[in-house]
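# Observations on the three-dimensional arrangement
If you want the building blocks of each chain, they are given just below.
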Amino acid sequence: MRKAPPRFPKGRFYVVMKDRNGEGAWSQDLLPAQGPRARGDGELRERLVEMRGIRKSFPGVQASDGIGLTLARGEVLALLGENGAGKSTLMNILAGLYRPDAGEIHIRGERVRIESPRDAAALGIGMVHQNFMLVDSMTVAENVVLGQRGLPFVPDLRAVKRRILELSARYNLSVDPEAYIWQLSVGEQQRVEILKLLYREADILILDEPTAVLTPQESEELSAVVHRMRGEGKAAIFITHKMEEVMTFSDRVMVLRRGRVVAEKTTADTDPKELARLMVGREVLFRVEKAPFTPGEPVLELRGVSATDDRGLPALRGISLSCRAGEILGIAGVAGNGQRELAEVVTGLRAAKEGLVSINCVETTNASPLSIIRRGVAHIPQDRNQVGAVGDMSVAANLAMKGYRSRPLSSGGIIRPSRFRDLARRLIELFKIATPSTETRIKFLSGGNIQKAILAREIGACGSLLVAVYPSRGLDIGATEAVRNELVAERDKGRAVLLVSEDIDELLSVADTIAVLFEGRVMGVFPAAEADAERIGALMAGMEEGGKRT
Amino acid sequence: MELVTSILAIAIRAGTSLVYATLGEIYTERAGILNLGLEGIMLMGALSGFATAYYSGSVALALLAALAVGAALAAIHAFLTVTMRANQVVSGLSITLFGSGFASFLGQRLGPISNNHRLVGLSGPRIAPIGVPGLSELPVIGALFTQDILTYALYALIPLAWFYLYRTRHGLNLRAVGEDPQTADAMGVDVFKVKYLATIAGGALVALGGAQLSLSYTPGWSENITGGRGWIVIALVIFAMWNPARAVWGALLFGGINAVQFRLQASGTTIPAGFLNMLPYLATIAVLVAMTFWESLSKRIGAPAGLGNAYMREEK
């Protein structure tokens, strides 16, 4: 295959290397690839992307309201904004998935119309979507070549595999080209996504919240890959709502709010605090205010609980925990170590194979979800779109979904739609859910607003125990703050809260007691006041208290 | 030995139309389109094939006519389900109802005046079985070589269909569209084009299966000549787990049951025909049950994940 010759930005020092076959020359930036470049450098470099006056509206939402954006070769631009600020919409337009209502796009100085992802790919634009674009039942190699231009009628998959191995060695992205996607972990799937772009030699990369699903270590690897690609003269735009990522990944940052650009800064000239203020439009409290810890009687008790995951493999191995009234019990752990199964066993969605679950001293082991709900247990599930809400039903119906069985929402088995609406209006007001109306189908809301709606419904139904699984995952600062405050408010009202989170800072600031899960076992339980991030991190990685790995 | 050979020969002849239709439907479903219009398309294929052969005297023209009619009916289904995003089940069923009714109507109108405008009871050109010299005399496998040209074509078509689906660029696109249209679209595959082409080509193959009935297996036109084969094919696609290479086994099984039925009835058996007719469906149920038990396996061989869903780019 013919490769385009590498292009080097001016004013930098490069060494050019070749691999053993003498093909695939690549370059390495000799200057340290850390930190942003001097201001004004952008003027010297080729302008890869320029978007002007981009507008796009969806029913009831102006997602992009005249946004302009530029990207130079060898630059990493961060698009920072809350959920629903219009970041993904803007990038979906650049990637050809959405068509703008108005505005111009120039690529390498030429005005272009990007009508489809195929057009975008032809212009060297590639996007790693938040929900990975991979066909589960196909292999890595098949996914990599899918839809590629100039692919021969009978693709030589062995050559494809060789090239994938080459690329994965060069960028340190190890993955088995013959594995099926469904066999891979989320981190590996992301590597496949990046390999796909590298394989296509895209030089404009769009990464939509790339670290949302990664462990801290995987994030670091990703950062190294991005820096390496930048060194090769590629450019990247990445979407995020995390300030730390902006600081470590980017040269320049653009802050969006409600479909408009509110600020554009060189990363070196700003700090997380300023960015947070710009993004939310007000000062943000990073600490959560809470009343002193005065625990009451145990509400939830687990004794030696074991359960299996969806594939029938052991997920919980003899868990014993207790959560008291007025206590937030934080469950720490890397995703996939039994957290989801734990929450499901407590809420009756998954059968326990062994052990005992009791709520307020009544045994509820393998009781039906309805009987557990009637004991006052509320659940904010991990998967808010599949389990938490019915996408095609209205906001009002979704909000009424727990209380519809009884007065005032229904009487004598007949539901009362006008009371659904009253309830919805009250909750929308109270929880500041941004929705065009009570009758809007909930799937049209942003992730943060769907989560707020679930929270509103569940807190209304919560009598004694609230089980919250990754409640702030994928949410922006404003929504995260609101969710955390609500959890603490429930605790202060004397309810027990089981909070599953992979964000150590969240656990340290919100939880009263922290339990660490690793491979379905409790590695340790201790008061949050005595915990520190390092100790939790070590336990999450399976290190015993003495520093030994189990 | 002769009995086995003759049962196998009938099984293959009876199975040929099923294999064509199954291959057609596999291609359609691989693109995520469920076409329940099979029964109607097969009937229309049988009718248009026979009528064309009767008037033109050309079997080749007859086959072309059947292909065209099948493609046209499937194009209606594609338009309704892909462009208009109508419910695939409703659209497919209405094509079956339309096709069956229209075929029956035409069967009473297209015939010559001498036959009171009816096609029923006429005999026209047919595709005769041709024995391959030498090979057709072999015991048992000789049955493979006393078939008509459509069956011989299948011997090449089945491996080609498999190769096309699993080894070519088009096959890769097709599978991706059926599994995950959003991903296929994002990767630059023209989802609409693939869906249209797969549905239309699939419909043409299904109609060819119908034409094989009226031109070879039971030459001539009769009401409901397919005898529910269109529905059997829907089960066969599941039985084949959407793999062209496996389509042949299900078709042989169903064809074999047909053949055994002939033989048993001729010998005056006491096993009711209904019982034998039920067996293939029982086998299908068994496969479905086995597939749910075998969940990890079904991820690789199961139904295309996007089967039955309409796709629109900007919908969440």
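Keep in mind that what you see is a predicted model, and the values were worked out from it rather than measured.

Conventions we followed
- Residues numbered from 1 in each chain as written.
- Chains lettered and ligands numbered in written order.
- Predicted model: local features only at pLDDT ≥ 70, side-chain atom pairs only at ≥ 80, totals over all residues.
- Heavy atoms only, no water.
- Helix = DSSP H or I, 4+ residues; strand = E, 2+ residues; numbered from the N terminus.
- Buried < 20%, exposed > 50% of the residue type's maximum accessible area, 1.4 Å probe, protein only.
- Contact = heavy atoms within 4.5 Å.
- Salt bridge = Lys/Arg side-chain N within 4 Å of Asp/Glu carboxyl O.
- Pairing = 2+ DSSP bridges.
- Axes fitted to C-alpha atoms, helices over the stretch in contact; angles between N-to-C directions.
- Expected span 1.5 Å × (residues − 1).
- Core = buried A, V, L, I, M, F, W, Y, C linked by side-chain atoms within 4.5 Å.
- Buried area = accessible area lost by both parts, 1.4 Å probe.
- Polar contact = N/O pair within 3.5 Å; in protein donor to acceptor, adjacent residues only side chain to side chain.
- Parallel < 35°, antiparallel > 145°, perpendicular 65-115°, else oblique.
- Nonpolar A, V, L, I, M, F, W, Y, C, P; charged D, E, K, R; others polar.
- Phe/Tyr/Trp six-rings, centres within 6.5 Å; stacked < 30°, edge-to-face > 60°.
- Domains from an automatic or database assignment.

Of the regular secondary structure elements, chain A holds 18 helices and 24 strands. Buried residues in chain A amount to 55% of all 550 residues. By sequence separation, contacts in chain A at least 24 residues apart represent 66% of the contacts at least 6 residues apart.

Turning our attention to the pattern of salt bridges. Residue and element names in this part refer to chain A. In this structure the tally under the stated criterion is 37 salt bridges over all chains. In this structure, the salt-bridge partner of Lys161 is Glu178, at a minimum N-O distance of 3.8 Å. Taken together, the residues span a long stretch of sequence, with Lys161 in helix H5 (residues 157-171) and Glu178 in the loop between H5 and helix H6 (186-199) at a distance of 17 residues. Taking the shortest distance from any N to any O, the salt bridge between Glu490 and Arg495 comes out at 2.8 Å. For the pair shown, Glu490 and Arg495 are each scored as buried. Counted as one network, the salt bridges with shared partners bring together Arg47, Glu50, Arg52, Glu104 and Arg111.

The next thing to look at is helix H9 (residues 272-280) of chain A. All names here are of chain A. Every buried residue of H9 is listed here: Glu274, Leu275, Ala276, Leu278, Met279 and Val280. The elements touched by buried residues of H9 are strand E5 (76-81), helix H8 (243-249), strand E11 (252-257), strand E12 (260-266) and helix H16 (477-492). Backbone geometry just downstream of H9 places Gly281 in the positive-phi region, at approximately 90°.

Before going further, it helps to spend a moment on the sheet that holds strand E4 (residues 61-72) of chain A. All names here are of chain A. In space, the four strands of this open sheet follow the order E4-E3-E6-E7, with antiparallel pairing throughout. Edge positions in the open sheet fall to E4 and strand E7 (110-112), since each of these has one partner strand only. Pairs of neighbouring strands in the sheet enclose a mean axial angle of 25°, with direction left out of account. Across nine bridges, strand E3 (residues 47-58) lies against E4 in antiparallel orientation. Residue Phe58 lies in a different strand from E4, and its bridge partner there is Val61. Strands E3, E4 and strand E6 (102-107) of the sheet are contacted by helix H2 (residues 87-94), whose axis makes an angle of about 120° with E3.

What follows deals with helix H7 (residues 216-231) of chain A. All names here are of chain A. With 16 residues, H7 ought to run about 22 Å at 1.5 Å a step, and its terminal C-alpha atoms sit 23 Å apart, in line with that. Inspection of H7 places Glu218, Ser219, Leu222, Ser223, Val225, Val226, His227, Met229, Arg230 and Gly231 among the buried residues, and these make up the whole buried set. Gly233 occupies a position one or two residues after H7 and carries a positive phi of about 90°.

Moving on, we come to the side chain of His379 of chain A. Locating His379 of chain A in the fold gives a position in strand E18 (residues 377-380). Judged by its relative accessible area of 11%, His379 of chain A is buried.

What follows covers the nonpolar core. Core analysis: the biggest nonpolar cluster contains 122 residues, and Leu80, Val140, Leu146, Val192, Leu198 and Val255 of chain A together with Trp221 of chain B have the highest contact counts within it. With residues up to four places along the chain from it excluded, the contact list for Val255 of chain A reads Leu80, Arg260, Val261, Val262, Ala263, Leu275, Leu278 and Met279 of chain A. Of all hydrophobic cores here, the second largest spans 50 residues; its members include Ile428, Phe431, Ile450 and Leu499 of chain A.

What follows concerns the interface of chain A and chain B. Contacts between the two partners involve 34 residues from chain A and, on the opposite side, 27 residues from chain B. The junction of chain A with chain B conceals about 2800 Å² of combined surface from both sides, 60% of it contributed by carbon and sulfur atoms. Sorting the residues of chain A by area buried against chain B places Leu146, Phe153 and Trp182 of chain A first, and these three jointly supply 22% of that buried surface. Close ionic contact of Arg175 of chain B with Glu142 of chain A constitutes a salt bridge, the shortest N to O distance being 2.9 Å. Our count for the chain A to chain B interface comes out at six residue pairs in polar contact (both at pLDDT 80 or more). Only E3, helix H3 (117-122) and helix H4 (140-145) of chain A provide two or more residues apiece to the side of chain A that touches chain B.

The next subject is the packing of H6 of chain A against H7 of chain A. In helix packing, the relevant descriptors are the interaxial angle and the interaxial distance, both defined with respect to the helix axes. All names here are of chain A. Where H6 contacts H7, the axes come no closer than 11 Å and their chain directions differ by 5°. Looking at the two axes, H6 sits roughly parallel to H7. Residue-level contacts link Gly187, Gln190, Arg191, Ile194 and Leu198 of H6 to Glu218, Glu221, Leu222, Val225 and Met229 of H7. Each residue belonging to the contact of H6 with H7 can be placed in one class, and the counts come to five nonpolar, two polar and three charged.

Moving on, we get to the packing of aromatic side chains. Across all of its chains, the model carries 11 aromatic pairs over all chains by this definition. Summarising the aromatic geometry, the rings of Phe153 of chain A and Tyr164 of chain B are spaced 6.2 Å apart at their centres and angled 50° between planes, so their arrangement reads as tilted. Linking Phe153 of chain A in the loop between H4 and H5 with Tyr164 of chain B in helix H5 (residues 149-167), this pair reaches from one chain into another. In this structure Phe153 of chain A comes out as partly exposed when scored by relative accessible area, which is 38%. Residue Tyr164 of chain B is classed as partly exposed on the basis of its relative accessible area of 28%.

What follows concerns the domain arrangement of chain A. Residue and element names in this part refer to chain A. Assigned domains within chain A: domain 1 (45-280), domain 2 (286-376 + 464-550) and domain 3 (388-461). Just the C-alpha atoms count here: the centres of domain 2 and domain 3 sit 26 Å apart. At the interface, 12 residues of domain 2 touch 11 residues of domain 3. If you sort the residues of domain 2 by the area they bury against domain 3, Ile373, Leu475 and Glu486 come out on top, with a joint share of 37%. At the boundary of domain 2 with domain 3, the tally comes to zero salt bridges. Taken together, the links from domain 2 to domain 3 amount to one residue pair in polar contact (both at pLDDT 80 or more). Taken together, the residues of the side of domain 2 that touches domain 3 sort by class into eight nonpolar, one polar and three charged.

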